[in-house]
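What follows is each chain in one-letter form.
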Amino acid sequence: MTSTTDLATAAPAARPEPARTAGTTRVRRRGERSRTASVLTHGVLVLAAFVAVFPVLWLAYIALGPDETDYLKPGGILHKASFANFSEVLNHTDFLTWFGNSLLVAGGTCVLGVMIAASTGYAVSRMRFPGLRPLMWSLLVTQMFPIAVLIVPMYYILASLNLLDSYGGLILVYAGTVVPYCAWLLKGYFDTIPVEIDEAGRVDGLSPFGTFWRLILPLARPGLAVAAFYTFLTCWAEVPFASTFMLSSDKYTLAVGLTTFVSQHDSQWNLMAATAVLIAIPASAFFYLVQRHLVAGLTAGAAKS
Amino acid sequence: MAALAQRLKLSYSKYWYAYVMVAPVVIVLGVLVAYPLGRGVYLTLTDANSLNVGHTVGVNHIPDSFNFVGLRNYSDILFGPGSYDRFWSHFVWTIEWTVLCVTLTVGTGLGLALLLNQKLRGRTAYRMLLVVPWAVPTFVTVFSWRLMLADGGLVNAALGSLHLPQPSWLEDPLAQKTAAILVNTWCGVPFMMLSLLGGLQSIPSELYEAAEMDGASAWQQFRHVTLPGLRSVSSTVVLLGVIWTFNQFAIIYLLFGMNAPDVQILVTWAYQLGFGQQPRDYAQSASYGIILLSILIVFTGFYQRWLKRNDQTAI
């Protein structure tokens, strides 16, 4: 597992303890555990894994029950399990529209957000210019903004720009929320690419933009992918902005659409469960592709502050 | 003056490509963060709500008609009549919520990371399963919890079969708070676990060998090798955890909706004032936002200083 910290210097040497008198009966090899410890470890981990997975499996199970109240008598589902909810959701609701909206908004934010974050990340990684530190600092602070302080004024700005209830508006808002983190992430990635490559490019007559565009961006593809995945997952699961700024039901994203099953069509829990499962599958598949890199990136930004 | 102009010109010609490259981000953040923040601060000094803010009805534009009230919003929130119910109760609950959630997620995450950081059969499988709460979008898992916690849902059925009391998780205030903390912990543990596991794996094993040679017990090794080795990772994840939990919107909003005043933390409460009621009280909502932001900034400042001071005294 990659780590972003250099701990070797941070850890103080272990305190010297007075040597214990040799009298232990049995010597165990390093890293070897007694049988009880091993059983205990597996027991705890199995329990934890069960707790972690159960709610998701439960939701998938509920989704198989065809009636609204089936979640109250889960035993009955076994006898009448069917995929009726899934076909209902796919054929008779706006699910596919919402899915398309989510895809469009998340994809749009990926392209816009990652592009501008990359150019900023490159600039702060390679160039020294007046205003560098304030910029880095404000990128960090932006990440701790509570949405409540922004959501009202944002609503008005979008309204006055005629961007309320439009994909463009939501993409812009999402870009604003993911860019600070992505810029930090990509700066970290660009820092690992040797400066000599830039210099070679400059010597061969490329402009600063040329080096960025033709040399560094292709080399940074893994970093860009992680930033894009992070952006995609964030947008895919975002609720408050989407539910405030998207007003008409054919513009809803999945996160907003899901809530309508409970409020409007008097609690269709079964359909909601099926929808939730359909939403979760692509997102989790995506997640497992990149989770290692996500952690390294997430902590990197804050560690360097 | 001429010298300044010269310097500006020089700095422009020297740095213009840097400025061009950061310009898009600066513009987006300026429009979507800095300007709203400024406008938000301005709104907090007025009595704006959805009735007196300028809006367009058909073809007619109705101009703004709210008044400047100075700091009255803040004094009203902090000290006005009923300020305990409106602000301080939520404030106290927000602090409890943050402290409990962060302690639980970091504690559980560290425990699991320690278990996973040893030679173990099926380690990868355990890790894949344990990150499921993070992999599945929050709004999906929260709905699942809502089904399980509902009256007559799975959790109460299980409690009933064990002859334990069955609180109504989604209605009784204390049970609501417990449920909120548990669900948030469930969602937050995987991130802590993976980050701390990364930290654990970067501690050189020579340190443990040396400690063992010196006769350190397992607890002493944990206390004097593992914890100091985790310092930089753990200080980061604690800070991130505090910020995220403090601003946690989705879990409480989705688990309880807007009809549970007792369990609203400051963020969701501010959202409710601004969007969940009629007339929408923009000024108060924005004031809550500014108060929240100030609390976080002050906390972060103190936290960083505390870390620095500890760094100096630690070794």
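Up top is the structure these notes are about.
Residues numbered from 1 in each chain as written. Chains lettered and ligands numbered in written order. Predicted model: local features only at pLDDT ≥ 70, side-chain atom pairs only at ≥ 80, totals over all residues. Heavy atoms only, no water.

**Describing the overall build of chain B**
When its secondary structure is counted, chain B shows 13 helices and two strands. For chain B, the residues scored as buried account for 51% of the 315 residues in total. Taken as a whole, chain B presents about 14900 Å² of accessible surface, with 65% of it coming from carbon and sulfur. (Helix = DSSP H or I, 4+ residues; strand = E, 2+ residues; numbered from the N terminus. Buried < 20%, exposed > 50% of the residue type's maximum accessible area, 1.4 Å probe, protein only. Areas by Shrake-Rupley, 256 points an atom, 1.4 Å probe, with all protein chains shown as cover.)

**Observations regarding the overall build of chain A**
The secondary structure content of chain A amounts to 13 helices and zero strands. Seen in sequence order, chain A has helices and strands lined up from the N terminus as α-α-α-α-α-α-α-α-α-α-α-α-α. Looking at the 305 residues of chain A, the share that counts as buried comes to 51%. Sequence separation of at least 24 residues holds for 73% of the intrachain contacts in chain A that already meet a minimum separation of 6. Accessible surface for chain A amounts to roughly 14200 Å². Of this, 63% is attributable to carbon and sulfur atoms. (Contact = heavy atoms within 4.5 Å.)

**Observations concerning the packing of helix α3 (residues 83-116) of chain B against helix α8 (residues 173-201) of chain B**
Residue and element names in this part refer to chain B. Across the interface, α3 lies against α8 with an axial gap of 6 Å and an inter-helix angle of 40°. The pairing of α3 with α8 is recorded here as oblique in orientation. Note on packing geometry: the crossing formed by α3 with α8 is right-handed. Of the residues belonging to the contact of α3 with α8, the class tally is 19 nonpolar, six polar and one charged. (Axes fitted to C-alpha atoms, helices over the stretch in contact; angles between N-to-C directions. Parallel < 35°, antiparallel > 145°, perpendicular 65-115°, else oblique. Left-handed = near helix turned anticlockwise from the far one by under 90°. Nonpolar A, V, L, I, M, F, W, Y, C, P; charged D, E, K, R; others polar.)

**Side note on the interface of chain B and chain A**
Counting residues at the interface gives 109 residues for chain B, matched by 99 residues for chain A. Summing both sides of the interface, chain B and chain A together bury roughly 9200 Å²; the carbon and sulfur share of this comes to 78%. Among the residues chain B hides against chain A, the three largest losses belong to B:M21, B:F139 and B:L147. Together they make up 9% of the total. Ranked by residues supplied to the side of chain B that touches chain A, first place goes to helix α1 (residues 2-44) of chain B with 22 residues. When the residues that make up the side of chain B that touches chain A are grouped by side-chain class, the tally is 74 nonpolar, 25 polar and 10 charged. (Buried area = accessible area lost by both parts, 1.4 Å probe.)

**Some words on a nonpolar patch on the surface**
Residues and elements named next belong to chain A. Taken together, L47, F50 and V51 make up a surface patch of nonpolar side chains, about 300 Å² in accessible area. Secondary-structure assignment places L47 in helix α1 (residues 35-62). Take L47: its relative accessible area is 57%, and that puts it in the exposed class. (Patch = residues over 30% accessible without salt bridge, like charges linked within 9 Å, V, L, I, M, F, W, Y side chains within 5 Å. Salt bridge = Lys/Arg side-chain N within 4 Å of Asp/Glu carboxyl O.)

**Brief notes about the side chain of B:N156**
Residue and element names in this part refer to chain B. Following the sequence through the fold, N156 ends up in helix α7 (residues 154-161). Taking the relative accessible area as the measure of exposure, N156 reaches 3% and is therefore buried. At 3.0 Å, the side chain of N156 and the side chain of W169 are in polar contact. Apart from the residues within four sequence positions on either side, N156 is in contact with M148, A150, D151, Q166, P167 and W169. (Polar contact = N/O pair within 3.5 Å; in protein donor to acceptor, adjacent residues only side chain to side chain.)

**Overview of the pattern of salt bridges**
This model, assessed by the stated rule, comprises three salt bridges over all chains. A:D198 is the salt-bridge partner of A:R126, the closest N and O atoms lying 2.5 Å from each other. In this pair, A:R126 sits in helix α4 (residues 95-126) while A:D198 sits in helix α8 (residues 195-203), placing the two residues 72 residues apart along the sequence. Judged by its relative accessible area of 18%, A:R126 falls in the buried class. Classification of A:D198 as buried rests on a relative accessible area of 7%. As a salt-bridge pair, B:D76 and B:R86 come within 3.3 Å of each other at their nearest N and O atoms. Note that B:D76 is positioned in helix α2 (residues 72-79) and B:R86 in helix α3, a separation of 10 residues in sequence.

**Here's the deal with the packing of aromatic side chains**
By the definition in use, this model includes 31 aromatic pairs over all chains. Look at A:F99 and A:W236: their rings are 5.5 Å apart centre to centre, the planes differ by 85°, and that puts the pair in the edge-to-face class. On the criterion of sequence distance, the pair formed by A:F99 in helix α4 and A:W236 in helix α10 (residues 221-236) is long-range, its members being 137 residues apart. The exposure class assigned to A:F99 is partly exposed, which follows from its relative accessible area of 23%. A centroid spacing of 5.6 Å and a plane angle of 25° characterise the contact between B:F299 and B:Y303, whose relative ring orientation is stacked. With B:F299 and B:Y303 both in helix α13 (residues 282-314) and four residues apart, this pair spans about one turn of that helix. On the basis of relative accessible area, B:F299 is assigned to the partly exposed category, the value being 29%. Of the residues examined, B:Y303 reaches a relative accessible area of 11% and is grouped as buried. (Phe/Tyr/Trp six-rings, centres within 6.5 Å; stacked < 30°, edge-to-face > 60°.)

**Thoughts on helix α3 (residues 84-92) of chain A**
Residue and element names in this part refer to chain A. For α3, every residue scored as buried is listed here: N85, F86 and V89. Mapping the buried residues of α3 onto a view down its axis gives an arc of 100°, with all of them on the same face. Every exposed residue of α3 that faces more than 90 degrees away from the buried side is listed here: N91 and H92. (Arc of directions from axis to C-beta.)

**Some details on unusual backbone geometry**
All names here are of chain A. Although it is not a glycine, D165 adopts a positive phi angle of roughly 60°. Here D165 is to be found in the loop between α6 (147-160) and α7 (167-191). By relative accessible area, which is 18% here, D165 ends up buried.

**Focus on the environment of A:G108**
Topologically, A:G108 is positioned in helix α4. Once you skip the residues sitting within four places of it in the chain, A:G108 turns out to touch A:L103 and A:I171.

**Side note on the nonpolar core**
Among soluble globular proteins, nonpolar side chains are generally buried collectively. Counting 195 residues, the largest nonpolar core has A:F129, A:F190, A:F241, A:F245 and B:L130 as its most contacted members. Looking at which element gives the most residues to this core, the answer is α8(B), with 15 residues. A domain split of this core shows at least three residues from each of domain 1 (35-85) and domain 2 (89-303) of chain A. Setting aside its immediate chain neighbours within four residues, A:F245 contacts A:I151, A:M154, A:Y155, A:L158, A:L164, A:D165, A:L170 and A:V173. (Core = buried A, V, L, I, M, F, W, Y, C linked by side-chain atoms within 4.5 Å. Domains from an automatic or database assignment.)

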